[in-house]
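A closer look at the structure
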Amino acid sequence: MEKYICAIIISFYIYSFAGWIWESFLMPLIEHYKIKNRGFLNGPVIPIYGVGAVTVFLLFSPSESYLSIFIEGGFVACVIEYITSWGMETLYHRRWWDYSDRAFNVNGRVCLEGFIAFGIFSIACVKYVQPYLFSRILQYSLIPLVIVATALSTIFISDLVTTIIALAHLDERLGETIELIEEYNEKMRLDMEERQKDFSELLETIRQENGIHYQKYVQHTGYSLRHIFNAFPNIIDDQHYDKVKDNEENK
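For clarity, every value in this text was computed on a predicted model and none was experimentally measured.

Scoring rules and cut-offs
Residues numbered from 1 in each chain as written. Predicted model: local features only at pLDDT ≥ 70, side-chain atom pairs only at ≥ 80, totals over all residues. Heavy atoms only, no water. Helix = DSSP H or I, 4+ residues; strand = E, 2+ residues; numbered from the N terminus. Buried < 20%, exposed > 50% of the residue type's maximum accessible area, 1.4 Å probe, protein only. Contact = heavy atoms within 4.5 Å. Areas by Shrake-Rupley, 256 points an atom, 1.4 Å probe, with all protein chains shown as cover. Phe/Tyr/Trp six-rings, centres within 6.5 Å; stacked < 30°, edge-to-face > 60°. Disulfide = S-S within 2.5 Å. pLDDT = per-residue confidence, 0-100.

Across its full length, the protein holds 11 helices and zero strands. Each helix (α) and strand (β) of the protein, taken in turn from the N terminus, gives the series α-α-α-α-α-α-α-α-α-α-α. Here the protein holds 251 residues, and the buried ones make up 43% of them. Taking as baseline every contact in the protein between residues at least 6 positions apart, the subset at least 24 positions apart corresponds to 71%. When the accessible surface of the protein is totalled, it reaches about 13,800 Å², and 64% of it is carbon and sulfur.

Okay, structure coming up:
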């Protein structure tokens, strides 16, 4: 039983890492945008993928049909993503991702495209990947498995705690960052179209064209928040866009 629990924990981190590879490298290559760490944490893991994969392989059997696993796995994964999106927005009062521009979305939190991808991932996980992973992981004795599971969990929890502490200052640092962007906009006399660029593009422009403003940004935000702002520019873009419109209307 202990070996089985350790195998599940290790599988969680493997899938979380695979999800990070998918989001940070493969998706940018497919959709032609910049490669970057798109995870919530600093390390190379996206836990929602680990939670989804573990839930799916615990709920469904490899003996089930492909269609059954596809539909049920896609549905379960979308429920997990919806709850995660709602929970993070409730906690931090920010929309971390938004699928409103995608077809057949539900409140911008999940969409048909994601359902199809999760359904395919569920088939791969339940039918092929997890049986192979279990067969390989369970070959080892209990002590090495406990050491690996404990080490990975210690690193993961430390990263999670560090990120949560950084997010305690989210509103304050977010306001400072918006002010910095507006200060740069005013100094460079950017037109409305330029001002409505997303945060990542504006930050890259600031970094390349004006070292002083970029240094202020670095000083105002720690590494964890800079990473989060870069990975989830939507939490800044909405507030920034609203402020740009307000400034234009007041002129």
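Right, picking up where we left off after that structure.
In this section: the environment of arginine 226. Tracing the chain through its elements places arginine 226 in helix α10 (residues 223–231). The spacing of arginine 226 and alanine 166 is 60 residues in sequence and 10.0 Å in space, taken between C-alpha atoms.

Turning to the packing of aromatic side chains, a few remarks are in order. Using the criterion set out here, one finds 14 aromatic pairs in the structure. Considering the side-chain rings of tyrosine 15 and phenylalanine 57, the 6.3 Å spacing of their centres and the 40° angle between planes classify their relative orientation as tilted. Remark: phenylalanine 57 occurs in helix α2 (residues 47–59) and tyrosine 15 occurs in helix α1 (residues 2–31); sequence separation between them is 42 residues. Neither residue differs from the other here; tyrosine 15 and phenylalanine 57 are each classed as buried. Considering the side-chain rings of phenylalanine 70 and phenylalanine 115, the 5.8 Å spacing of their centres and the 80° angle between planes classify their relative orientation as edge-to-face.

In this section: the state of the cysteines. Inspection of the entire model under this criterion finds zero disulfides. We note that cysteine 111 lacks a disulfide partner, and the nearest cysteine sulfur, in cysteine 78, lies 7.4 Å from it. Residue class for cysteine 111 comes out buried when judged on its relative accessible area of 6%.

With that out of the way, let us pick up the confidence of the model for the protein. Predicted confidence across the protein gives a mean pLDDT of 85, with 82% of residues reaching 70 or more. Per-element averaging of pLDDT across the protein places helix α7 (residues 192–195) at the bottom with 48 and α2 at the top with 97. Here residues 240–249 is modelled with pLDDT under 50, and outside its nearest four sequence neighbours on either side it reaches 19 contacts, counting other chains as well.

Take the environment of isoleucine 9 next. By the secondary structure assignment, isoleucine 9 is in helix α1. For isoleucine 9, a relative accessible area of 29% gives the class partly exposed. Discounting residues that sit within four places of it in the chain, isoleucine 9 has contacts with Ala149 and Ser153.

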